[in-house]
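# Fold and geometry: a report
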Amino acid sequence: SQQGEEDPQALSIQEGENATMNCSYKTSINNLQWYRQNSGRGLVHLILIRSNEREKHSGRLRVTLDTSKKSSSLLITASRAADTASYFCATPRADDYKLSFGAGTTVTVRA
Amino acid sequence: GAVVSQHPSWVICKSGTSVKIECRSLDFQATTMFWYRQFPKQSLMLMATSNEGSKATYEQGVEKDKFLINHASLTLSTLTVTSAHPEDSSFYICSARRSGVPYNEQFFGPGTRLTVL
């Protein structure tokens, strides 16, 4: 079963703007990952943040993790048309550490 | 490095036929591979875990006799959808976990679009 819930479900922004999406989860985790999926394609791993980290950066991506609220956010700064994709958070399941994916946020960046 | 391929990328078949999808880790060995199914505009749902040299483990509600998994080598896992029906039409994605590294590091294939007529 899915553990993560993401919001918003969809996001439309202008090129150059920032995009923020959130992920909430239910059980304790030791890490959380974010993936990108272009339409009709596989997943690309973006970033992994560990439970003892509060913030992590990778290029134009910034991920935060608040274990007390069981939530994470992904910020894409200075968005580009190529950032148009669906973004998923994923957390390891408590019993077997296999990944459970959130519902995803579909981001559309308008040129 | 860490490239995972899937073949075919898309397939259309008639109802009642069987379809085999291959998942290969091209530049690393994978003792564990995962098969996911994704319906349009939905998230990935784990179907089964493929273990090299042993039986696959299936998620609750996934019929093991319908979705046959074989992990014959450290670089290849196959998913066979037997007696496919239109409701099996979906996007099937595999991922591979590199042997000897943390459990959570998975590399995903590009997916296979299955359409059953």
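Conventions used here
Residues numbered from 1 in each chain as written. Chains lettered and ligands numbered in written order. Predicted model: local features only at pLDDT ≥ 70, side-chain atom pairs only at ≥ 80, totals over all residues. Heavy atoms only, no water. Disulfide = S-S within 2.5 Å. Helix = DSSP H or I, 4+ residues; strand = E, 2+ residues; numbered from the N terminus. Buried < 20%, exposed > 50% of the residue type's maximum accessible area, 1.4 Å probe, protein only. Pairing = 2+ DSSP bridges. Axes fitted to C-alpha atoms, helices over the stretch in contact; angles between N-to-C directions. Contact = heavy atoms within 4.5 Å. Buried area = accessible area lost by both parts, 1.4 Å probe. Polar contact = N/O pair within 3.5 Å; in protein donor to acceptor, adjacent residues only side chain to side chain. Phe/Tyr/Trp six-rings, centres within 6.5 Å; stacked < 30°, edge-to-face > 60°.

## Points about the state of the cysteines
Counted by the stated rule, this structure contains two disulfides over all chains. There is a disulfide in this structure between cysteine 23 of chain A and cysteine 89 of chain A, and the S-S distance comes to 2.0 Å. Where cysteine 23 of chain A bonds to cysteine 89 of chain A through sulfur, the torsion about that S-S bond is close to 70 degrees, and the disulfide is right-handed. With a gap of 66 residues between them, cysteine 23 of chain A in strand E3 (residues 19-24) and cysteine 89 of chain A in strand E9 (residues 85-92) connect regions that are remote in the sequence. In this structure cysteine 23 of chain A comes out as buried when scored by relative accessible area, which is 1%. Exposure remark for cysteine 89 of chain A: the relative accessible area of 1% places this residue in the buried category. Here cysteine 23 of chain B is linked by a disulfide to cysteine 94 of chain B, with a sulfur-sulfur distance of 2.0 Å. Between cysteine 23 of chain B and cysteine 94 of chain B the disulfide shows an S-S torsion of about 80 degrees. By sign, it is right-handed. Of this pair, cysteine 23 of chain B sits in strand E3 (residues 19-25) while cysteine 94 of chain B sits in strand E9 (residues 90-98); the two residues are 71 residues apart in sequence, bridging distant segments of the chain. This pair shows no difference in class: cysteine 23 of chain B is buried, exactly as cysteine 94 of chain B is. As a non-bridged cysteine, cysteine 13 of chain B has cysteine 94 of chain B as the owner of its nearest cysteine sulfur, 18 Å distant.

## What to know about the sheet that holds strand E7 (residues 61-66) of chain A
Residue and element names in this part refer to chain A. The antiparallel open sheet is built from five strands, whose spatial order is E1-E3-E8-E7-E6. Either end of the sheet is taken by a strand with one partner, and the two such strands are strand E1 (5-7) and strand E6 (55-58). Neighbour-to-neighbour, the strand axes of the sheet open up by a mean angle of 15 degrees, direction not taken into account. Inspection of the sheet shows E6 paired to E7 by four bridges, in the antiparallel sense. When the sheet's bridge partners are listed, histidine 57 is paired in E7 with arginine 62.

## Quick notes on the interface of chain A and chain B
Contact with chain A, which involves 20 residues of that partner, is made by 20 residues of chain B. Summing the contributions of chain A and of chain B, the shared interface buries around 1,500 Å²; its carbon and sulfur component is 52%. For the chain A face of the interface with chain B, the top three residues by lost area are Leu43, Lys98 and Phe101 of chain A, together amounting to 31%. Counting every contact that joins chain A to chain B gives six residue pairs in polar contact (both at pLDDT 80 or more).

## Description of the packing of aromatic side chains
Per the stated rule, a full pass over the model turns up seven aromatic pairs over all chains. Ring centres of phenylalanine 101 of chain A and tyrosine 36 of chain B lie 5.6 Å apart, and the angle between their planes is 90 degrees; this geometry places the pair in the edge-to-face category. Placement of the pair is phenylalanine 101 of chain A in strand E10 (residues 99-101) and tyrosine 36 of chain B in strand E4 (residues 30-38), with the two residues belonging to separate chains. As far as burial versus exposure is concerned, phenylalanine 101 of chain A and tyrosine 36 of chain B are alike and both buried. Note on phenylalanine 101 of chain A and phenylalanine 108 of chain B: the rings are 5.9 Å apart at their centroids and 80 degrees apart in plane angle, and the pair reads as edge-to-face.

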